[in-house]
Amino acid sequence: MAKLVAPSLLSANFLNLSHDIGMINRSEADWFHIDVMDGVFVPNISFGLPVIKHIKKEAQKPLDVHLMIVQPERYIDAFRNAGADWLSVHIEASTHLHRTLDAIRKSGMKAGVVLNPHTSITLLEDIICDTDLVLLMSVNPGFGGQAFIENTYSKIKLLKDLILKRNSNALIEIDGGVDDTNAAKLYNAGADILVAGNYIFTAPKPEEAIKKLKRL
Ligand code: DX5
Ligand code: ZN
């Protein structure tokens, strides 16, 4: 089981992204988690392609791009060109999910499926072997700093069972409300990657907070 940490730049200082990118480069973090919101799929708007292109110039670790947008299939090439290494789309926003995942992989990126807290793991039964990653939202998407939803643990266990039953290679990523009180339990339940924004960027020493998540 992998034990990766992906700091979410949503909680970074947008006036000095370079500083926070440098901190993540130096830290024990594994990926950059990049949250893209369109104000339609979620009630918030974050940042888009031009900002990601600049992040890519300085980031020395893979970009894990989480699209919270409608019709994500329209932007696959654009995000590849901006520098995404992993591209994840919401199942709730994808009418033709199989085609979208296939297109993401064909464009040279790893493909991920994201589930909102209310979305059942059973919906993954016929797609689990066609995805490299499943991202389970442990808050309702749209904002950083929200409280972790406890039902996530049982979803991780159901997802892990499905992955093993189908011999899938999909990784399990958890996003929302992750901190030092739940990280160990999430890894133990079967999570491979933990996203954390608020916990890392409000810490007095963000690099230490990352180290703590990795060592729990
Ligand atoms: C929420 C985003 C998350 C968010 C997590 O819609 O997908 O990635 O940044 O932030 P925290 O760790 O603050 O809950
Ligand atoms: Zn996210």
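Please read all numbers here as calculations on a predicted model, not as lab measurements. (Residues numbered from 1 in each chain as written. Chains lettered and ligands numbered in written order. Predicted model: local features only at pLDDT ≥ 70, side-chain atom pairs only at ≥ 80, totals over all residues. Heavy atoms only, no water.)

Describing the environment of Gly 39
Moving on, step 1. The topology assignment puts Gly 39 in the loop between β2 (32–37) and α2 (49–58).
Moving on, step 2. Sequence-wise, Gly 39 and Ile 127 are 88 residues apart; in three dimensions their C-alpha atoms are separated by 27 Å.
Moving on, step 3. The residues touching Gly 39, leaving out its near neighbours within four places in the chain, are Asn 44 and Ile 45. (Helix = DSSP H or I, 4+ residues; strand = E, 2+ residues; numbered from the N terminus. Contact = heavy atoms within 4.5 Å.)

Topic: the pattern of salt bridges
Moving on, step 1. What the rule picks out here adds up to eight salt bridges.
Moving on, step 2. For Asp 180, the salt bridge is made with Lys 212, and the minimal N-O distance between the two is 2.9 Å. Of this pair, Asp 180 sits in the loop between β7 (171–175) and α6 (183–189) while Lys 212 sits in helix α8 (residues 206–215); the two residues are 32 residues apart in sequence, bridging distant segments of the chain.
Moving on, step 3. Asp 180 gets classed as partly exposed once you look at its relative accessible area, which sits at 28%. (Salt bridge = Lys/Arg side-chain N within 4 Å of Asp/Glu carboxyl O. Buried < 20%, exposed > 50% of the residue type's maximum accessible area, 1.4 Å probe, protein only.)

A look at the coordination of the zinc ion (ligand 2)
Moving on, step 1. Here the zinc ion (ligand 2) is held by the protein donor atoms His 33 (NE2), Asp 35 (OD), His 66 (ND1) and Asp 175 (OD), which lie 2.0 to 2.3 Å from it.
Moving on, step 2. For the zinc ion (ligand 2), the six donor atoms in the first shell make angles of 69 to 168 degrees at the metal, a pattern classed as octahedral.
Moving on, step 3. A residue is classified by how much of its surface remains accessible, and Asp 35, at 4% relative accessible area, is buried.
Moving on, step 4. Residue class for His 66 comes out buried when judged on its relative accessible area of 0%. (Donors = N, O, S within 2.8 Å, 3.2 Å for Na, K, Ca; no water. Tetrahedral: all angles 85-135°; square planar, octahedral: opposite > 155°, others 65-115°.)

Thoughts on unusual backbone geometry
Moving on, step 1. In this structure, Gln 71 is a non-glycine residue whose phi angle is positive, near 45 degrees.
Moving on, step 2. In this structure, Asn 167 is a non-glycine residue whose phi angle is positive, near 60 degrees.
Moving on, step 3. Summarising the element assignment, Asn 167 is placed in the loop between α5 (152–165) and β7.

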